[in-house]
Amino acid sequence: MLKNWLLTIFYATLDHIPPVVWGILHVISDIVCFWFNKLLNYLRPQSRLVYHEAIKQLENSKSYKEWCKKATMVDEITGANLWRRNFFSRRYDFNSVLQQYSLLQLALDSNNEITIKDRISTTGPCMLRNFGGIVDRRLFTKSLMGTKLLIEQYLDKIIQCLDVISSSESSNTQTSFFQRCKLSLGTTALILKGGSLFGLFHLGVIKGLLSQNLMPNIINGSSTGACIAALFGCLSNDELIRLLNGDTILNIIRYDTELLKSCGYGNVEQHLNLGTLIQNLIHHGYSQDVYLFCQFVLKYVIKDITFEEAYQSTGKVCSIVIHPTDKSCPTLLNYVTTPNVLIRSAISCSLGKGVLSEHPKLLCKNLENQIVSFLPDNKDLIIEYLAPENATLSNTVENPYTRLTELFNVNNFIVSLARPYWAPLVINDLKHEIKTSKYYYYKHYPSNTNTPHNLQLDYSDMEPLAFKAKYHLERKLKNILTMEFRHRIEMLDNLGLVSSWIKRFIIDDKTPRSATEITIVPRMKNLSVARIIEGQLDNIPYWINCGEQSSWPVLSLIKTRCAVEFKLDDIIRTRRNKL
């Protein structure tokens, strides 16, 4: 009782704080940040100032093309372009990669389809995603523009060989050959994790992957990620790009006053009081803008579409994870496991009780195309669907991602983690080590005439960016502390000692150890408390832009891991369309 009484007083106090007070606090925070950055620039050596100025310009890029141009300039400043040209590295077997590159080139020079086909064997190195360790993350942390040029040229040769086999007029190669190649190589899936506060970030990740033709055909999501996964599965890529560009979504919502009122906005210019917004955020677990977007998707896109209808319409595999209290109910819903289930009911069950519905339940279409309950009446009345933060390991029969690997041969995961506060602690994402190689020590570095005027500095006799031993010691300590923290939290969760609001922020399902994984996470600079609490309408384009920018540094690694796979998909799709 005392706790509820204190919370009521706290929320009421926030509701009655004048807006001028919040304005003063914003001004004070801006002044503190300004002088803090000034102090850092004063203490940094000259080489660090040059580097940070280039990185600052890189972060302000408006498009991927502009980002690549500025990233190339950063690589020139740090010397990472020299590292890319030198094929030697202890991180991968460059001798084997160089040998396979030579064999592929000889096969292409012979212009013999049988020889080329022998090199692209379903059991050979070309159909290994990590042949010689070429997808090791550490090979992608030196240069912003990618990895060793030898690795990129090797993958280009494989794709060139596949083109020759597919387009040869005298070729009798059947589609089954490319299907066997795809089976050996495996499949990639996009996993959307987190989202109660920053779920709109997933939209930007999808937009960034689509713009470079690197979007997997399999997507999986839970909670808010389930809603965004359903959006991807129900629309074609062209429709999705048109929807995510500019303010298209925002313009649709602005003219739907009924939708705005149902989500608590009243109208475009009116929002709820601050105390009420924080109360909804803590007790219901979803920010106002995320809730608004979920309602928008259900109303304008999902409607009464089933998993099978969505797959037949777009050819995409959309999977949604739910957490039922009855173990007989499936936890991974898609066109294979539950083809007739309505996607909107799966989203409601994935979000859990009290978000879209007080008592969510799975619905499906029967043979007469009528909407009925998916489970028998005796189970439908007692079963509950938990939110991810309320589910424990005992509530699920198996990891849903393990089930995904069994159904679709998935062995490579791209994880979109919509949690900016995890950015400093995520171990397996790309933390670029620009400062650890012998190439990055400035000694008579030549000046570049193409460099902008504000970066035209004298590079001669400049000190190194940082010391290698110190940098790696900090990295090792951070990794150890992160793993220890995760382990302790998981043990407490198994014992049922972690509260639901803590689990909402820090606990996720794990991908199988047999699969590779790369994480895309927002930058800490994207974290805005005011945006979260107030749930502003312009949060939708804001987080789309943040997600797209966060995907750019990872695209080179995704391309290396998936280029051959996506090429095989294109060949198989083209051949099927000709039938």
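Residues numbered from 1 in each chain as written. Predicted model: local features only at pLDDT ≥ 70, side-chain atom pairs only at ≥ 80, totals over all residues. Heavy atoms only, no water.

- Looking at an unreviewed UniProt entry, the protein chain carries the name PNPLA domain-containing protein, with the source organism given as Henningerozyma blattae.

### Some details on the overall build of the protein chain
Okay, step 1: Across its full length, the protein chain carries 25 helices and 8 strands.
Okay, step 2: Looking at the protein chain as a whole, 49% of its 579 residues are labelled buried.
Okay, step 3: Partitioning the contacts of the protein chain with sequence separation of at least 6, the portion at a separation of at least 24 is 78%.
Okay, step 4: Carbon and sulfur atoms make up 55% of the accessible area of the protein chain, which amounts to about 28700 Å² in all. (Helix = DSSP H or I, 4+ residues; strand = E, 2+ residues; numbered from the N terminus. Buried < 20%, exposed > 50% of the residue type's maximum accessible area, 1.4 Å probe, protein only. Contact = heavy atoms within 4.5 Å. Areas by Shrake-Rupley, 256 points an atom, 1.4 Å probe, with all protein chains shown as cover.)

### A word on the pairing of strand E7 (residues 410–417)
Okay, step 1: The element E7 is largely enclosed, with a buried count of 7 among its 8 residues.
Okay, step 2: Where strand E1 (residues 187–193) and E7 come together, 7 bridges link them in parallel fashion. Considered in E7, the bridge of Ile191 is made with Val415.
Okay, step 3: By the bridge criterion, 5 bridges tie E7 to strand E8 (residues 516–520) in an arrangement that is parallel. Residue pairing across strands places Ile414 opposite Ile518, the latter belonging to E8. (Pairing = 2+ DSSP bridges.)

### So, the side chain of Thr560
Okay, step 1: If you trace the backbone, Thr560 turns up in helix H25 (residues 555–578).
Okay, step 2: When near neighbours in sequence (up to four residues on either side) are disregarded, Thr560 contacts Ile134, Val135, Phe140, Thr147, Ile151 and Leu155.

### Brief notes about the packing of aromatic side chains
Okay, step 1: Following the criterion strictly, the structure yields 14 aromatic pairs and no others.
Okay, step 2: On the basis of an interplanar angle of 35° and a centroid distance of 6.1 Å, the ring pair of Phe293 and Phe296 is categorised as tilted. Residue Phe293 and its partner Phe296 are located together in helix H16 (residues 288–302), separated by 3 residues, close to a single helical turn. For the pair formed by Phe293 and Phe296, the shared burial category is buried.
Okay, step 3: Plain terms: the ring middles of Tyr311 and Tyr335 are 3.8 Å apart, the flat faces sit at 5° to each other, and that makes the pair stacked. (Phe/Tyr/Trp six-rings, centres within 6.5 Å; stacked < 30°, edge-to-face > 60°.)

### Re the side chain of Ser61
Okay, step 1: When you line up the elements, Ser61 lands in the loop between helix H3 (46–59) and helix H4 (64–78).
Okay, step 2: In contact with Ser61, not counting residues within four places along its chain, are Glu66, Trp67, Lys70, Gln549 and Trp552.

### Some points on the pattern of salt bridges
Any two side chains of opposite charge can pair, on the condition that their charged atoms come close.
Okay, step 1: Under the defined criterion, the tally for this structure stands at 12 salt bridges.
Okay, step 2: In this structure, the salt-bridge partner of Arg84 is Glu152, at a minimum N-O distance of 3.0 Å. One end of the pair, Arg84, is in helix H5 (residues 80–85); the other, Glu152, is in helix H8 (residues 149–167), with 68 residues separating them in the sequence.
Okay, step 3: As a salt-bridge pair, Arg129 and Glu565 come within 3.0 Å of each other at their nearest N and O atoms. Of this pair, Arg129 sits in the loop between helix H7 (113–119) and H8 while Glu565 sits in helix H25; the two residues are 436 residues apart in sequence, bridging distant segments of the chain. Across the pair, exposure class does not vary: Arg129 and Glu565 are buried alike. (Salt bridge = Lys/Arg side-chain N within 4 Å of Asp/Glu carboxyl O.)

### Some words on unusual backbone geometry
Okay, step 1: Phi is positive for Ser223, close to 60°, though the residue is something other than glycine.
Okay, step 2: Mapped onto the elements of the fold, Ser223 is located in the loop between strand E2 (218–222) and helix H11 (224–234).
Okay, step 3: Residue Asn409 is not a glycine yet carries a positive backbone phi of 60°.
Okay, step 4: Its location among the elements puts Asn409 in the loop between helix H20 (400–408) and E7.
Okay, step 5: By relative accessible area, which is 30% here, Asn409 ends up partly exposed.

### Considering helix H24 (residues 539–551)
Quick reminder: α-helices carry 3.6 residues per turn. Residues three or four places apart thus point the same way.
Okay, step 1: Taking 1.5 Å as the rise per residue, H24 with 13 residues should run 18 Å; its terminal C-alpha atoms sit 18 Å apart, in good agreement.
Okay, step 2: In terms of burial, H24 is largely enclosed, as 10 of its 13 residues are buried.
Okay, step 3: All buried positions along H24 are accounted for by Asn539, Ile540, Trp543, Ile544, Cys546, Gly547, Glu548, Gln549, Ser550 and Ser551. (Expected span 1.5 Å × (residues − 1).)

### Observations concerning the environment of Cys294
Okay, step 1: Looking at the element boundaries, Cys294 is found in helix H16.
Okay, step 2: Considering only alpha carbons, one finds Cys294 and Ile228, 66 residues apart in sequence, at a separation of 8.1 Å.
Okay, step 3: Those residues within four positions of Cys294 in sequence are excluded, and the remaining contacts are Thr224 and Cys227.

### Some details on H20
Okay, step 1: Of all the positions in H20, only Pro400, Tyr401, Leu404, Thr405 and Phe408 are classed as buried. Taken around the axis of H20, the buried residues stretch over an arc of 150°, which confines them to a single face.
Okay, step 2: Directly after H20, the chain includes Asn409, whose backbone phi takes a positive value near 60°. (Arc of directions from axis to C-beta.)

### Thoughts on the packing of helix H10 (residues 201–211) against H24
A pair of packed helices can be characterised by two numbers: the angle between their axes and the separation between those axes.
Okay, step 1: Packing of H10 against H24 leaves a shortest axis separation of 6 Å and a crossing angle of 50°. Between H10 and H24, the crossing angle belongs to the class labelled oblique. The handedness of the crossing between H10 and H24 comes out as right-handed. Here Phe201, Leu203, Gly204, Val205, Lys207 and Gly208 of H10 lie close against H24, whose contacting residues are Trp543, Ile544, Cys546, Gly547, Glu548, Ser550 and Ser551.
Okay, step 2: Taken together, the residues of the contact of H10 with H24 break down into 6 nonpolar, 5 polar and 2 charged. (Axes fitted to C-alpha atoms, helices over the stretch in contact; angles between N-to-C directions. Parallel < 35°, antiparallel > 145°, perpendicular 65-115°, else oblique. Left-handed = near helix turned anticlockwise from the far one by under 90°. Nonpolar A, V, L, I, M, F, W, Y, C, P; charged D, E, K, R; others polar.)

### Quick notes on the sheet that holds strand E4 (residues 332–333)
Okay, step 1: On the basis of which strands lie adjacent, the open sheet formed by 6 strands has the order E4-E3-E2-E1-E7-E8 and mixed pairing. The open sheet terminates on both sides in strands that have one partner only, identified here as E4 and E8.
Okay, step 2: In terms of strand pairing, E2 meets strand E3 (residues 317–321) through 5 bridges, oriented parallel. For Ser222, the partnering residue across the bridge sits in E3 and is Val321.
Okay, step 3: Against the sheet, helix H18 (residues 343–351) contacts E2, E3 and E4, and its axis sits at roughly 35° relative to E3.
Okay, step 4: Sheet strands touched by H20: E1, E2, E3, E4 and E7. Its angle to E7, the strand with the most contacts, is close to 140°.

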